[in-house]
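Residue strings, one per chain:
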Amino acid sequence: MLGLDLGEFLSMLMFLIFMAMILTGYNVAFSFASTALAFTFLGDVFDVFNPQSLNTLPLLWAQNLGRSGNTVLLAVPLFVLMGAILERSGLAERLLRAIGMLMGPLRGGVAAAVIVVGTLLAAATGVVAATVIVMGLLSLPAMVDLGYDHKLATGAITASGTLAQLLPPSLVLILLAQQMGVGIIGLFAGALIPGLLLAGFYAVYALGISAIKPEVGPAMPKEQRTLNGNVTTPHALSIAGVLALLLGIVVLSLSNLNSALIVVVIGYVVVFALLQFGSMLIAEVVVSIIPTVLLIMGVLAAIFRGIATPSEAGSIGVLGALLLGGLNYYFDKVLAADGGDHIDPTWRLTPQAFREAGRSTGNITILVLTLVFSSTFFSLVFRELGGSDKTSEWLTAIGGGKTGFVIVAMIAVFILGINLEFLEITFIVVPIFVPAMRELQFTEVEIIWFTVLMAVNLNMAFISPPVGFSLFYLQSVAPPEVKTADIHKGAIPFMVLQGIALVVLGVFEGITEFSYDLFVSAPGDG
């Protein structure tokens, strides 16, 4: 049977049946569990599977869920909850309005602003669906009204929103770190610069194509970039004090007390001057960008500096998101009192908003845990039947060593990514790749590089027509005048940019290594 013994043949048949089930749309977790259960009995009947091996399953589940110092999965609900709270606090809307108006005078400036805000929200939420849907609701109607080409507008939203898979604290990176067996801190560090590089590609393209073809990305009219009101001196003093204090806390986590005090004083003076002598638009930019950037920096600084584990940093993020929700309401009240008639100063974090945030967090967490339990069962049976050893043998036999393996793996991930969610791919292919990578003696930095390539590849698959998931997320909230064909065609140039980035990061491995070295002082982090 193709050079396979009976156990290996059953393992390959098991995998093929599993793939057929999920491609029909059957629940992935149930597909994992049902095929594993069926082939457990078959293996026992044909005497190629030892039922006693199932006794190790509870231990494997316990290891995945926090024993032996592994608390990676604990970070999942915390970062998801952080993003859900930020979604409902009104900060995303404020960010988009402020940066869109600031960059509005440029051709393609609003699209570039969408990419900037999408990148910030992607880093803050870590969940693709949430980022794409929020950006679609907030920005797509505005760009349509401005006369933007529908393809550029939708492409900017789907591409930047999908960066939630690559920028830390990404849910994808958390799960990949757990499956790959590498330190989450190192993976976060290795992915940061590649993620920002990809966002830079998007922004340059949006501005460049609009400069070449002014009709696809017109500038925002001046009357739409003007906000009424001016910040009074007492309010400028109070806002500057709050933001300077937040800045000092973040700097203190990165440096010493003296440096933090100096930064607080300088930050206070600069912010006060911007508020006192700038327009209401400048005030909006200040109160929207600074808190969001500081929250992201604070969370990442706590992780990279070893102040907190990823799960503890997730708790810090949730607390910070709640604080920013309160501050956003305070800024609304203050700026509305100073003549900002564009503001609706209502409290956003209502009990209903918290219920929705909790419900979405619970849904994602339960999905992840169900996949952990069922995929671990599947992997155990697949391994005991000899499937892991055989696939590892095939993958290591590919010509070209590590390079050949990476090329074949990237092709497989892209093909699977067109039809499957990242969660499904993470639990399907990574357990197959890891044994082969051990055989090929990948170092920890090389595993991180490979994982970053996987995340970029999944970005490309996620917006690939006709079945990229981000396209469907945006389609669900797009206004009627934006056609499905426009959404799909708009993704193609950004797919090309992602492909270029994948090749660049693949050829110049040093980019990921530099990002890793920049934020991690020594290997072996947790």
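These numbers come from a predicted model, not from an experiment.

The rules we used
The residue numbers shown here count from 1 along each chain, following its written sequence. pLDDT decides what is reported in this predicted model: residues at 70 or higher carry local features, side-chain atom pairs at 80 or more are listed and counted, and totals for whole chains, interfaces and linings draw on all residues regardless. As a convention, hydrogens and water are excluded, and side-chain values are obtained from all of the structure's heavy atoms. Secondary structure elements follow DSSP: runs of H or I of four or more residues count as helices, runs of E of two or more count as strands, with numbering from the N terminus. Exposure is judged per residue with a 1.4 Å probe applied to protein chains only, and the accessible area is read against the type maximum: over 50% gives exposed, under 20% gives buried, and values in between give partly exposed. Contact definition: two residues touch when any of their heavy atoms are within 4.5 Å. The method behind every accessible area is Shrake-Rupley, applied with a 1.4 Å probe, and residues are considered shielded solely by the protein chains displayed. Charge assignment in this entry is limited to Lys and Arg as positive and Asp and Glu as negative, and neither His nor the chain termini are counted. By convention, the charge on Lys lies at NZ, on Arg at CZ, on Asp at CG and on Glu at CD. One speaks of a salt bridge when a side-chain nitrogen belonging to Lys or Arg is within 4 Å of a carboxyl oxygen belonging to Asp or Glu. The quantity called pLDDT is the predictor's confidence in a given residue, expressed from 0 to 100. For patch detection, residues must exceed 30% relative accessible area and be free of salt bridges, and they are connected within 9 Å for like charges or within 5 Å for nonpolar side chains (Val, Leu, Ile, Met, Phe, Trp, Tyr). Throughout this description, the term nonpolar core refers to a set of buried Ala, Val, Leu, Ile, Met, Phe, Trp, Tyr and Cys residues connected via side-chain atoms within 4.5 Å. Here the axes come from fitting lines to C-alpha atoms, over the contacting stretch only for helices, and the angles between their N-to-C directions go from 0 to 180 degrees. Reported orientations rely on four angle classes, namely roughly parallel under 35 degrees, roughly antiparallel over 145, roughly perpendicular from 65 to 115, and oblique for the rest. Rotating anticlockwise by less than a right angle from the far helix to the near helix defines a left-handed crossing, while the corresponding clockwise rotation defines a right-handed one. For this classification, the nonpolar set comprises Ala, Val, Leu, Ile, Met, Phe, Trp, Tyr, Cys and Pro, the charged set comprises Asp, Glu, Lys and Arg, and every other residue, Gly included, is treated as polar. Under the pairing criterion, centres of Phe, Tyr and Trp rings, with the six-membered ring standing for Trp, must be within 6.5 Å; the plane angle then separates stacked pairs below 30 degrees from edge-to-face pairs above 60, leaving the rest tilted. A positively charged side chain is recorded as over a ring if its NZ (Lys) or CZ (Arg) lies within 6 Å of the ring centre. The angle to the ring normal must also be within 35 degrees. An arc is given here, and it is the one of the directions from the helix axis to the C-beta atoms.

A.B. asks: Would you take a moment to explain the overall build of the protein for this structure?
C.D. replies: Summing up its helical and strand segments, the protein has 22 helices and zero strands in all. Projecting the C-alpha coordinates of the protein onto the three principal axes gives extents of approximately 80 × 50 × 45 Å. Within the span of the protein, comprising 526 residues, buried residues form 54% of the whole. In the protein, the share of contacts with a sequence separation of at least 24, taken over all contacts with a separation of at least 6, comes to 80%. Accessible surface, the protein: about 20,900 Å² in total, of which carbon and sulfur atoms supply 68%. Taking the average place of the 20 positive charges on the side chains of the protein and the average place of its 31 negative ones, the gap between the two points comes to 9 Å.

A.B. asks: Looking at this model, I keep getting lost on the pattern of salt bridges. Mind explaining?
C.D. replies: Note that side chains of opposite charge can pair when their charged atoms are close. For the structure shown, the criterion picks out six salt bridges. Close ionic contact of Glu446 with Lys402 constitutes a salt bridge, the shortest N to O distance being 2.8 Å. Within this pair, whereas Glu446 is found in helix H19 (residues 444–462), its partner Lys402 is found in helix H17 (residues 401–419), the two being separated by 44 residues in sequence. On the basis of relative accessible area, Glu446 is assigned to the buried category, the value being 16%.

A.B. asks: Quick question: what am I supposed to make of the confidence of the model for the protein here?
C.D. replies: The predicted model of the protein has a mean per-residue pLDDT of 84, with 94% of residues at 70 or higher. Within the model, pLDDT remains below 50 along residues 522–526, and this stretch shows 15 contacts once partners closer than five positions in the same chain are excluded.

A.B. asks: Would you explain unusual backbone geometry in this entry?
C.D. replies: The phi torsion of most residues other than glycine is negative, and most of the peptide bonds are trans. Following Pro168, the chain continues to Pro169 via a peptide bond in cis, the omega torsion being 5°. Unlike most non-glycine residues, Asp47 shows phi in positive territory, near 60°. Mapped onto the fold, Asp47 is located in the loop between helix H2 (28–45) and helix H3 (57–64). Phi is positive for Gln441, which is not a glycine, with a value near 60°. Among the secondary structure elements, Gln441 is positioned in the loop between helix H18 (422–439) and H19. The exposure class of Gln441 is exposed, given its relative accessible area of 63%.

A.B. asks: For this particular structure, what's the right way to read a nonpolar patch on the surface?
C.D. replies: Together, Leu6, Phe9, Leu13, Ile17, Leu42, Val45 and Phe46 line one region of the surface with nonpolar side chains, adding up to about 560 Å² of accessible area. Looking at the nonpolar patch element by element, the count peaks at four residues for helix H1 (residues 6–23). Among the structural elements, Leu13 can be located in helix H1.

A.B. asks: Would you mind going over the nonpolar core with me for this structure?
C.D. replies: Met180, Phe405, Val429, Phe433, Phe450 and Met454 are the most contacted members of the largest nonpolar core, which totals 178 residues. Top contributing element to this core by residue count: helix H13 (residues 280–304), with 14 residues. Not counting chain neighbours up to four residues away, the residues in contact with Val429 comprise Val413, Leu416 and Met454.

A.B. asks: I would appreciate a short explanation of the packing of helix H10 (residues 184–212) against helix H21 (residues 484–507) in the present structure.
C.D. replies: Packed helices, taken two at a time, are described by the angle their axes make and the gap between the axes. For the pair H10 and H21, the least separation of the axes is 10 Å and the interaxial angle reads 140°. Put simply, H10 runs oblique to H21. Considering the relative orientation of H10 and H21, their crossing is right-handed. Along the contact surface, H10 presents Pro194, Leu197, Leu198, Phe201, Tyr202 and Tyr205, while H21 presents Pro493, Phe494, Leu497, Gln498, Ile500, Ala501 and Leu505. When grouped by side-chain class, the residues that make up the contact of H10 with H21 number twelve nonpolar, one polar and no charged.

A.B. asks: Whenever I open this one, the packing of aromatic side chains confuses me. Can you help?
C.D. replies: Each aromatic ring pair is characterised by the separation of its centres together with the angle its planes make. Inspection of the entire model under this criterion finds 16 aromatic pairs. Residues Phe15 and Phe382 carry aromatic rings whose centres are separated by 6.3 Å and whose planes lie at 50° to one another, so their mutual orientation is tilted. With Phe15 in helix H1 and Phe382 in helix H15 (residues 351–384), this pair connects stretches of sequence that are 367 residues apart. Ring pairing ties together the aromatic residues Phe15, Phe18, Phe32, Phe378 and Phe382, which thus form one cluster. Above the face of the Phe442 ring, Lys402 is positioned so that its terminal group lies 5.4 Å from the ring centre.

A.B. asks: Which parts of the structure should I look at to understand the packing of helix H5 (residues 91–103) against helix H6 (residues 109–125)?
C.D. replies: Running from amino to carboxyl end, H5 crosses H6 at an angle of 145°, the nearest separation of the two axes being 8 Å. For H5 against H6, the interelement crossing comes out right-handed. Only Gly109, Val110, Ala112, Ala113, Val114, Val116, Val117, Leu120 and Leu121 of H6 make contact with H5, whose side of the interface consists of Ala92, Leu95, Leu96, Ile99, Gly100 and Met103. The residue inventory of the contact of H5 with H6, partitioned by class, reads 13 nonpolar, two polar and no charged.

A.B. asks: What should I look at first to understand helix H22 (residues 510–519) in this one?
C.D. replies: Note that an α-helix has 3.6 residues per turn; residues three or four places apart therefore point the same way. Among the residues of H22, those classed as buried are Thr512, Ser515 and Tyr516. Buried residues of H22, viewed axially, fall in a sector of 100°; they line one side. Buried residues along H22 sit in contact with H10, H19 and H21.

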